Amino acid sequence: MIINEKDNVEILLQGENGIPAGHKRALCNIAEGENIIKYGYPIGRATRLILQGEWVNEHNIKTNLEGMLEYAYHPLPEQDGKQQASKGETTFKGYLRHNGLTGIRNDLWVIPTVGCVASLAQRLANEFQHSTGYSTLAFAHTFGCSQLGCDHEQTRQILFDLITHPNAGGVLVLGLGCENNQLSTLREMLEGKVDASRVRFLEAQKVQDEFAEGMKLLGELHEVAKQDTRVPLPLSMLRIGLKCGGSDGFSGITANPLLGRLSDTLVEQGATTILTEVPEMFGAETLLMDRCIDEPTFQKTVKLINDFKEYYLSHNLPVGENPSPGNKAGGISTLEEKSLGCVQKGGSAPVKDVLEYGEQLKTQGLNLLCAPGNDLIASTALAASGCQMVLFTTGRGTPFGTCVPTLKVSTNNELASQKPHWIDFNAGCLLTGTSWQDATQQILQLVIDTANGAASCNEQSGYHEIAIWKNGVTL
């Protein structure tokens, strides 16, 4: 497959002459120092002469990425800030919350303020679900104490975001008592921003039997949540996170552009999608900058990119390194090659807003979110921003799920066949005859079915996790 007419490499759909499927082969002789072109853009330069037909990989290609850059806003003609989303007739059935947000699940959540009570939280959730049959989830983490400054504030903000998440029918906030992340501060933050009937607080050091008290409080939340019913709602109420991980050479050919088409379809219906993984925008960032709806959004995108580069440089790490062995084994040789495939998940819609880590959504349409490429941290950040589900493309496979349904979209048929209990949708069908239009409609229906309550693979397996971005000193 030749992706773009400007390319000087092709992608093998099947392994041939020792070159694995999904990897690159030179279409012509490529001189030392000459750019390797894929997707119509440079993905690096040749470190030596590469002969026509030769395997192009990390052993003969080097990134062009470097440190800080200056950017200029060159908006595309259609990015005039005046587009109106077309509202369609498609609906789903969700839970309408007191603040106007919509949940697609009505679980009980147990959220510990500190890692010291994480096991207690898990025990409470397990026992309550076992005794009642009602879906009850605990989200363990290792933070909440011995943190300082913005690192501590980030942890508290992510927990605040989860406590107020519309997928939760009720939340038990479980503290220890002596931690930095005090329950009293969280309660002050939550005042007026959460339905008081759906949140309970328990400080373990202040009660004689913390387990019995926790079970009693979960029982109170259960009495409220079990009264909730689904109601028809417009597709515009959906907020969908877009993520990729364990990418391979087909990620930018099948699954990621498929999510891009889905994202455009959802945005046209008035819904919201979020693209994150800032390091995996490096080398493709100008494609997003030129789609910014206005100059202030462009400046926020520049800050998003440059702040993350400064984060790398402050730790004496190279900006353009692609460290993942799985990516390289799958056919992705440089970070800009990964980025050019990654940003396709954002489709072609205008970029409406840019969110800081932990910031909640406020603008409908396509948003960018500050988070690293780490799968679980980024997926948790997407959920914390307000996404009711995450669509996760993968060429290598992964079983995990964050605190919201996490649908895996395989890039190739082999993975879908080998791991059907991991994979919710196989975009590899695009390599074997399924049309883009049909595949887009099929995955849109999967999103609607999931919003209506159909369990994702991670939910069927009971895999629910969160991870908080650690960025500071631990005492």
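Description of the structure in this document. Computed from a predicted model, the values in this text were never measured in an experiment. Here, residues in each chain are numbered from 1, in the same order as that chain's written sequence. Totals for whole chains, interfaces and linings use every residue, but because this is a predicted model, local features are given only for residues with pLDDT of at least 70 and side-chain atom pairs only at 80 or more, for both listing and counting. Processing note: side-chain calculations cover all non-hydrogen atoms of the structure and skip hydrogens and water entirely.

### Concerning the pairing of strand β9 (residues 107-112)
For β9, the buried fraction is high: 6 of the 6 residues fall into the buried class. Here β9 shows no split at all, with D107, W109 and I111 on one side and L108, V110 and P112 on the other all buried. A strand pair is defined by DSSP finding two or more bridges across the two strands. Where helices and strands are cited, they refer to DSSP runs of H or I of at least four residues and of E of at least two residues respectively, numbered from the N terminus. Bridging between β9 and strand β11 (residues 168-175) involves 6 bridges; their strand directions are parallel. Its bridge partner being in β11, L108 is matched across the sheet by G170. Exposure is judged per residue with a 1.4 Å probe applied to protein chains only, and the accessible area is read against the type maximum: over 50% gives exposed, under 20% gives buried, and values in between give partly exposed.

### Focus: unusual backbone geometry
The phi angle at S146 is positive, at roughly 60 degrees, despite the residue not being glycine. Topologically, S146 is positioned in the loop between β10 (136-138) and α2 (149-163). Positioned with a positive phi, N316 is a non-glycine residue whose angle comes to about 60 degrees. With respect to the helices and strands, the residue N316 is situated in the loop between α7 (295-314) and α8 (325-330).

### Concerning empty space enclosed by the protein
In the cavity and pocket records, a cavity denotes points on a 1 Å grid over the protein atoms alone where a 1.4 Å probe fits but cannot get out, a pocket denotes an open set with protein on both sides within 12 Å along at least 5 of 7 lines, and lining residues are residues with an atom within 4 Å of a point. Grid points are joined across faces, edges and corners, and a volume is the space filled by probe spheres set on the points. In this structure the tally under the stated criterion is 2 cavities of 30 Å³ or more. Its boundaries defined by the atoms lining it, the largest cavity holds a volume of some 150 Å³. In terms of lining, the largest cavity is formed by 17 residues, of which the most central are T164, H165, A168, V194 and R198. Among the elements that line the lining of the largest cavity, the one with the most residues is β11, at 4 residues. Looking at the lining of the largest cavity residue by residue, the classes come out as 7 nonpolar, 6 polar and 4 charged. Think of it as three bins: nonpolar holds Ala, Val, Leu, Ile, Met, Phe, Trp, Tyr, Cys and Pro, charged holds Asp, Glu, Lys and Arg, and polar takes everything else, Gly as well.

### Quick look at the sheet that holds strand β2 (residues 24-26)
Within a beta sheet, neighbouring strands are joined by backbone hydrogen bonds and run either parallel or antiparallel to one another. Read from one edge of the open sheet, 3 strands run β1-β2-β5, paired in antiparallel fashion. At either margin of the open sheet sits one strand with a lone partner, and together these are β1 (9-11) and β5 (55-56). Bridging between β1 and β2 involves 3 bridges; their strand directions are antiparallel. Bridge pairing in β2 places E10 opposite R25.

### Quick look at the environment of G347
In this fold, G347 is placed in the loop between α9 (335-342) and β16 (351-355). Between the alpha carbons of G347 and E58 there is a distance of 28 Å; along the sequence they are 289 residues apart. Contacts are assigned to residue pairs that have any heavy atoms within 4.5 Å of one another. Beyond its immediate chain neighbours, meaning those up to four positions away, G347 contacts G260, D264 and R291.

### Comments concerning helix α12 (residues 436-451)
The span expected for a helix works out to 1.5 Å for each residue beyond the first. Here α12 spans 22 Å end to end across 16 residues, near enough to the 22 Å set by a 1.5 Å rise per residue. Structurally, α12 contributes buried residues whose contacts are with β7 (91-96), β14 (239-244), α5 (255-268), β18 (389-394), β19 (406-410) and β20 (425-426). Phi turns positive, to about 125 degrees, at G453, one or two residues after α12.

### Here we look at the packing of α2 against helix α3 (residues 183-190)
Viewed as axis vectors pointing N to C, α2 and α3 meet at an angle of 55 degrees, and their least axial separation amounts to 11 Å. Between α2 and α3, the crossing angle belongs to the class labelled oblique. For the pair α2 and α3, the sense of crossing is right-handed. Across the interface between the two elements, R156, Q157, F160 and I163 of α2 pack against T185, L186, M189 and L190 of α3. Tallied by class, residues from the contact of α2 with α3 come to 5 nonpolar, 2 polar and 1 charged. Only the stretch in contact is used when fitting a helix axis, every axis being a line fitted to C-alpha atoms; angles between N-to-C directions are given from 0 to 180 degrees. Each angle gets one of four labels, with under 35 degrees taken as roughly parallel, over 145 as roughly antiparallel, 65 to 115 as roughly perpendicular, and the rest as oblique. Here is the rule for handedness: rotate from the far helix to the near one, and if that takes an anticlockwise turn smaller than a right angle the crossing is left-handed, while a clockwise turn gives right-handed.

### Quick notes on the pairing of strand β4 (residues 41-46)
Alignment of strand β3 (residues 35-38) against β4, held across 4 bridges, turns out to be antiparallel. For I36, the partnering residue across the bridge sits in β4 and is G44. Counting the residues in the hairpin turn of β3 and β4 gives 2 residues, including Y39, whose phi is positive at 65 degrees. Sheet topology places β4 next to strand β6 (residues 61-62); 2 bridges connect them, and they run antiparallel. Paired with R45 across the bridge in β6 is K62.

### Considering the pattern of salt bridges
Only one rule defines a salt bridge in this text: a Lys or Arg side-chain nitrogen within 4 Å of an Asp or Glu carboxyl oxygen. Enumeration over the complete set of coordinates arrives at 25 salt bridges. The salt bridge partner of E280 is K338, with a shortest N-O separation of 3.7 Å. Here E280 is found in the loop between β15 (272-275) and α6 (285-289), whereas its partner K338 is found in helix α9, with 58 residues between them in sequence. With respect to burial, E280 and K338 carry one shared label: buried. For E359, the salt bridge identified is with K362, shortest N-O distance 2.5 Å. Note on E359: relative accessible area 26%, which makes it partly exposed. Judged by relative accessible area, which is 52%, K362 ranks as exposed.

### A short note on α5
Look at α5: 20 Å from first C-alpha to last across 14 residues, which is about the 20 Å you get at 1.5 Å a residue. Counting buried residues in α5 gives 11 out of 14 residues, a clear majority hidden from the surface. Among the residues of α5, A255, N256, P257, L258, L259, G260, L262, S263, D264, L266 and V267 are the ones counted as buried. Of the residues trailing α5, G270 is marked for its positive phi of about 90 degrees.

### Points about the state of the cysteines
When the sulfur atoms of two cysteines come within 2.5 Å, that pair is taken as a disulfide. All chains considered together, the criterion is met by 0 disulfides. Just so you know, C403 is unpaired, no disulfide at all, and the nearest cysteine sulfur is the one on C387, 10 Å from it.

### Looking at the sheet that holds β6
In spatial order, the strands read β3-β4-β6; together these 3 strands make up an open sheet with antiparallel pairing. Among the strands making up the open sheet, the edge pair consists of β3 and β6. Of the strands in this sheet, β3 and β4 touch α9, which is tilted by about 165 degrees from β4.

### Description of the nonpolar core
To form a nonpolar core, buried Ala, Val, Leu, Ile, Met, Phe, Trp, Tyr and Cys residues must be joined to one another through side-chain atoms within 4.5 Å. Of all hydrophobic cores here, the largest spans 105 residues; its most connected members are I36, W109 and L238. Once residues lying within four places of it in the same chain are set aside, the contact partners of I36 are N8, V9, I30, Y41, P42, I43, G44, R45, A46, I50, V56 and I61.

### Side note on the packing of aromatic side chains
Note on ring pairs: Phe, Tyr and Trp rings are taken, using the six-membered ring of Trp, and paired if centres are within 6.5 Å. Classes follow the plane angle, with under 30 degrees stacked, over 60 edge-to-face and the rest tilted. Counting across every chain of the model gives 10 aromatic pairs. When the ring of F308 is compared with that of W469, the centres are 5.5 Å apart and the planes differ by 15 degrees; the resulting orientation is stacked. Remark: W469 occurs in the segment after α13 (457-461) and F308 occurs in helix α7; sequence separation between them is 161 residues. Here the aromatic cluster, defined as three or more aromatic residues joined through ring pairs, consists of F282, F308, Y311, Y312, Y357 and W469. Our definition puts a charge over a ring when NZ of Lys or CZ of Arg is within 6 Å of the ring centre and also within 35 degrees of the ring normal. A cation over a ring is seen here: K309 above F282, with NZ or CZ 5.5 Å from the ring centre. In this structure, K419 packs its charged tip against the face of W422, placed 4.2 Å from the ring centre.

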